[in-house]
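What follows is the residue order along each chain.
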Amino acid sequence: MMVRDIIRILDAKVLMAGNLDIEVKTACGSDMMSDVLAFVKEQSVLLTGLTNPQVVRTAEMMDMHCIIFVRGKMPEEDLISLAKQKEISILQTQHAMFTACGLLYTNGLSGGSQS
Amino acid sequence: MINILSLDYVVPGDDFTRAGEASSDVKRKLKQIGYEPDAIRRVAIAMYEGEINMVIHAGGGLVHVEIDPERVKMVLSDHGPGIRDVEMAMREGYSTAPDRVRALGFGAGMGLPNMKKYTDSMKIDTEIGKGTTLYMTVLAKSITIG
């Protein structure tokens, strides 16, 4: 699916639009960034409730294209400006983590495997 | 490709929001010189974890990076408290990080294990009360993980 599809599936608000037409195949949901970094497969999408700028740094190191803040969490302004620099899309959904992951999974997005 | 690129960074210890700037810069430079993408990601992740550790545990430190066509060498040195039990610190899930660090999304005990996983060689020199120096190498064309 494309980032654009995620917006529709999660009824998400776009806080920063990167490339919304980029294809994403896998996702990872976590509030622990080292757990995210432990996943070796290229993760295209990160779902999290954590809102500090290190979330964007983590996504950057993993070549992710999109970060989704669950439960309506609103990131700080410095996070948005860092995401803009790195061209990473920032979305916000009112769904809780479990529901958001479930909706994406049932619509075809898979989890990456950990080696 | 140029033969050897040598880079040095100061990792400030008092500003968590700036942790990762050095790794980001190294990643950008590796992309610019056309380095192998898998190696770039492994360097970025390993160095980023190292930077985070420096800020969390050691009040910052220094990073020296050497890039040549075959490998990327990273040396991360700090004057922090040192690692009391390296063997335990290498175990996934073992952490001495305080709750305030966990609240920021780190301190899950995955830092050093991740660094080892993503690099082709890693060596830790540490002395209690003196500090820690971490040597890591990523080969440009090692076996792709995953």
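Just above, that's the structure.
What comes next is a walk through the structure. All figures in this text were calculated on a predicted structure; none of them were measured in a lab. (Residues numbered from 1 in each chain as written. Chains lettered and ligands numbered in written order. Predicted model: local features only at pLDDT ≥ 70, side-chain atom pairs only at ≥ 80, totals over all residues.)

1. Some words on the environment of I67 of chain B
All names here are of chain B. Tracing the backbone through its elements, the reader meets I67 in strand β2 (residues 60-67). When the C-alpha atoms of I67 and T133 are compared, they prove to be 19 Å apart, with 66 residues separating the residues in sequence. Dropping the residues within four chain positions of it, I67 is found in contact with I4, L5, L30 and V72. (Helix = DSSP H or I, 4+ residues; strand = E, 2+ residues; numbered from the N terminus. Contact = placed C-beta atoms within 7 Å.)

2. What about the interface of chain B and chain A?
Taken together, the contacts link 19 residues of chain B with 20 residues of chain A. Those elements that place two or more of their residues in the side of chain B that touches chain A are α1 (21-32), α2 (37-57) and α5 (111-118) of chain B. The element contributing the most residues to the side of chain B that touches chain A is α2 of chain B, with 5 residues. The class makeup of the residues in the side of chain B that touches chain A is 9 nonpolar, 8 polar and 2 charged. (Nonpolar A, V, L, I, M, F, W, Y, C, P; charged D, E, K, R; others polar.)

3. Let's talk about the sheet that holds strand β3 (residues 45-48) of chain A
All names here are of chain A. Sheet architecture is open: 6 strands sit in the order β1-β5-β4-β3-β2-β6, paired in mixed fashion. Every other strand in the sheet has two partners, leaving β1 (13-16) and β6 (110-111) as the edge strands with one partner each. In this structure, strand β4 (residues 66-69) lies alongside strand β5 (residues 89-92), joined through 4 bridges in parallel fashion. In the strand pairing of β5, C66 is matched with S89. Packing against the sheet, helix α4 (residues 77-86) makes contact with β1, β4 and β5, and its axis sits at approximately 75° to β1. (Pairing = 2+ DSSP bridges. Axes fitted to C-alpha atoms, helices over the stretch in contact; angles between N-to-C directions.)

Treat this as a map of the structure, not an account of what it does.
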